[in-house]
Amino acid sequence: MSSREPAQVIESVRAHFAERYGREPEGVWSAPGRVNLIGEHTDYNGGLCLPIALPHRTYAAVATRDDGVLRVCSLQSEAPAEVALDDVSPERPGGWASYVAGVLWALRREGHDVPGLDVVIDSVVPVGAGLSSSAALECSVGAAVSDLAGLGLLDGADARARLAQACIRAENEIAGAPTGGLDQSAALLCDEATALLLDCRSWQTEPVPFDLASAGYALLVTDTRAHHELVDGQYAARRDACEEAARILGVDTLREVPASGLDAALDRLPTDEMRRRVRHVVTEIDRVERAVAALRAGDLDEVGRLFDASHASMRDDYEISCDELDLATDTARRLGALGARMTGGGFGGSCIAIVRTDAVDDITQAVDAAFAERGFTAPSSFAVTAGSSAHRDA
Ligand code: ADP
Ligand code: MG
């Protein structure tokens, strides 16, 4: 976990607001990063995924303005931005601030009356590490707007799901990242000590108990610090392949292909590459269902086996892993992890492992040593528990 405690960050983001804008913020709101336990690249296929919220959060100190202008700066960026809400587009304000402006744009598109804002952002979610700093940013601002404009979009699961949809639109249409909805749903709908079973076809959610500590285990996250851009063509290429396969199979999404019908579906696809992409998606959705059953039964060994199978599927069939992710997961397994897998979009980012609580330090050191030996950038590992969703802090 970060060395900065939440109370410190809240105080600091308030102080920065006062210094920058010469007045007090009307409040501070925050939203968490996430790790997806299992169910990767299933969201845009109408499938299932199973995220938890991280204790790591992004904080937004915010006050309204009466001139329809958004001014925003971040302690993680040297580029502050200013834009009139009427002018927001994929090009304006551009850069990181498009994640913030996009949320206001999307809420206005849905007919909400949204005021101009002054915003200061501070975050302890590692940026670009596959832990969803982008959705944490969108949802912290979304939470603030909802409260300040009286939109009520934090009041209950249905309202939160609507706010998630606005944040998804912001990321897709203004920030230009074709992500599928897992991240924003996690940031707005997760809860402490539980994972969120998210059905990306119906957008229904169900809580699933997730408390490894009482069984003597921890969830170890390793940020490999390998950052291969998500917004580049790879993510979109995977998404396109799935949509093309669904067209050939005559279904809306690959969710309609049951695990029992996989072989018959594969026989109808034209290329080996497309068959492997579809096999990942269909088996991964099945693994989510099995993982939920195993968690409900308290069978962590089975959850670990499913983590391993999921990683192999992403490495071999979906081809979204990389040397750093393979090395971190292999090392954790070699030192006794029940299971390990990459999490998030892939091409770098983070992995997760279920490890005995008393093995956290040994595995962290072994992963560090393995990375040093291969000449990779030093990774960062930390044990996490399931945190809470977006809310007002102060
Ligand atoms: P991830 O969501 O996995 O961290 P993304 O590539 O989806 O990775 O999003 C990272 C981008 O989100 C950054 O490049 C930046 O534009 C924006 N971002 C996230 N958090 C912050 C922050 N605290 N300050 C400024 N920009 C941020
Ligand atoms: Mg992101």
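Numbering of residues starts from 1 in every chain and runs along the sequence as written. To label them, take the chains in the order written and letter them from A, then take the ligands in the order written and number them from 1. Reporting in this predicted model follows two pLDDT cut-offs: at least 70 for local features of residues, and 80 or more for side-chain atom pairs to be given and counted; totals over whole chains, interfaces and linings ignore these cut-offs and use all residues. With hydrogens and water stripped out, all remaining heavy atoms of the structure feed into the side-chain values.

### Quick word on the domain arrangement of the chain
Alright, step 1. Here the chain is described as being made up of domain 1 (6–209 + 388–392) and domain 2 (212–384).
Alright, step 2. Contacts are residue-level and defined by heavy atoms, with any inter-residue pair within 4.5 Å sufficient. The partner domain 2 presents 41 residues to the 39 residues of domain 1 that form the contact.
Alright, step 3. As a working definition, buried area equals the accessible area (1.4 Å probe) given up by two parts on being put together, with both sides summed. When domain 1 packs against domain 2, close to 3,100 Å² is buried across both sides, 65% of that on carbon and sulfur atoms.
Alright, step 4. Every case where a carboxyl oxygen of Asp or Glu lies within 4 Å of a side-chain nitrogen of Lys or Arg is listed as a salt bridge. In this structure, the connection of domain 1 to domain 2 is made through 4 salt bridges.
Alright, step 5. For Glu40, the salt bridge identified is with Arg341, shortest N-O distance 2.9 Å.
Alright, step 6. A 3.5 Å cut-off defines polar contacts: any pair of N or O atoms within that distance qualifies, except that in protein one atom must be a possible hydrogen donor and the other a possible acceptor, and neighbouring residues in sequence count only when both atoms are side-chain atoms. Seen at the junction of domain 1 and domain 2, the total is 19 residue pairs in polar contact (both at pLDDT 80 or more).
Alright, step 7. Runs of H or I in DSSP of at least four residues are treated as helices and runs of E of at least two as strands, each being numbered from the N terminus. When contributions to the side of domain 1 that touches domain 2 are tallied by element, the ones reaching two or more residues are β1 (27–36), β2 (48–49), β3 (51–65), β7 (194–199) and β8 (205–209). A domain assignment, automatic or from a database, supplies the domain bounds used here.

### Some thoughts on the packing of helix α4 (residues 157–174) against helix α5 (residues 182–189)
Alright, step 1. Only the stretch in contact is used when a helix axis is fitted, and all axes are lines through C-alpha atoms; the angle between N-to-C directions ranges over 0 to 180 degrees. Close contact between α4 and α5 brings their axes to 9 Å; oriented N to C, the two are set at 145°. Note on packing geometry: the crossing formed by α4 with α5 is right-handed. From α4, Ala157, Arg160, Ala161, Leu163, Ala164, Cys167, Ile168 and Glu171 reach across to α5, where they touch Gln184, Ser185, Leu188 and Leu189. By the definition used in this description, the sense in which the near helix is turned from the far one sets the handedness, with an anticlockwise turn below a right angle giving left-handed and a clockwise turn giving right-handed.

### Some remarks on the pattern of salt bridges
Alright, step 1. Enumeration according to the criterion identifies 31 salt bridges in this entry.
Alright, step 2. Where Arg65 meets Asp118, a salt bridge forms, and the shortest distance between an N and an O atom there is 3.1 Å. Residue Arg65 is found in strand β3, and its partner Asp118 is found in strand β6 (residues 116–123); the two are separated by 53 residues along the sequence.
Alright, step 3. A residue is classified by how much of its surface remains accessible, and Arg65, at 18% relative accessible area, is buried.
Alright, step 4. Only protein chains enter the accessibility calculation, which uses a 1.4 Å probe; a residue whose area is less than 20% of its type maximum is buried, one above 50% is exposed, and one in between is partly exposed. Asp118 sits in the buried class, given a relative accessible area of 1%.
Alright, step 5. Here Glu319 makes a salt bridge to Arg277, at a shortest N to O gap of 3.0 Å. Placement of the pair is Glu319 in the loop between α9 (300–317) and α10 (323–334) and Arg277 in helix α8 (residues 272–296), with a sequence separation of 42 residues.
Alright, step 6. According to the relative accessible area criterion, Glu319 is partly exposed, its value standing at 35%.

### Thoughts on helix α2 (residues 98–109)
Since the α-helix advances by 3.6 residues per turn, residues separated by three or four positions end up pointing in the same direction.
Alright, step 1. Here α2 spans 15 Å end to end across 12 residues, near enough to the 16 Å set by a 1.5 Å rise per residue.
Alright, step 2. Most of α2 is tucked away: 10 of the 12 residues are buried.
Alright, step 3. Among the residues of α2, Ser98, Tyr99, Val100, Ala101, Gly102, Val103, Leu104, Trp105, Ala106 and Leu107 are the ones counted as buried.
Alright, step 4. Two residues or fewer past α2, Gly111 is found with a positive phi of approximately 95°. What a helix is expected to span follows from its residue count: subtract one and scale by 1.5 Å.

### Re the sheet that holds β8
Picture the strands of a sheet paired through backbone hydrogen bonds; they go either parallel or antiparallel.
Alright, step 1. By the convention used here, strands pair only if DSSP detects at least 2 bridges between them. Pairing is antiparallel across the open sheet formed by 3 strands, whose spatial order is β2-β7-β8. Because the sheet does not close on itself, it has two edges, and the strands there are β2 and β8.
Alright, step 2. The pairing of β2 with β7 spans 2 bridges and is antiparallel. By the bridge assignment, Leu48 is partnered in β7 with Asp199.
Alright, step 3. Relative to β7, α5 is tilted by about 135°, and along the sheet it contacts β2, β7 and β8.
Alright, step 4. Packing of α8 onto the sheet brings it into contact with β2, β7 and β8, and relative to β8 it is tilted by some 50°.

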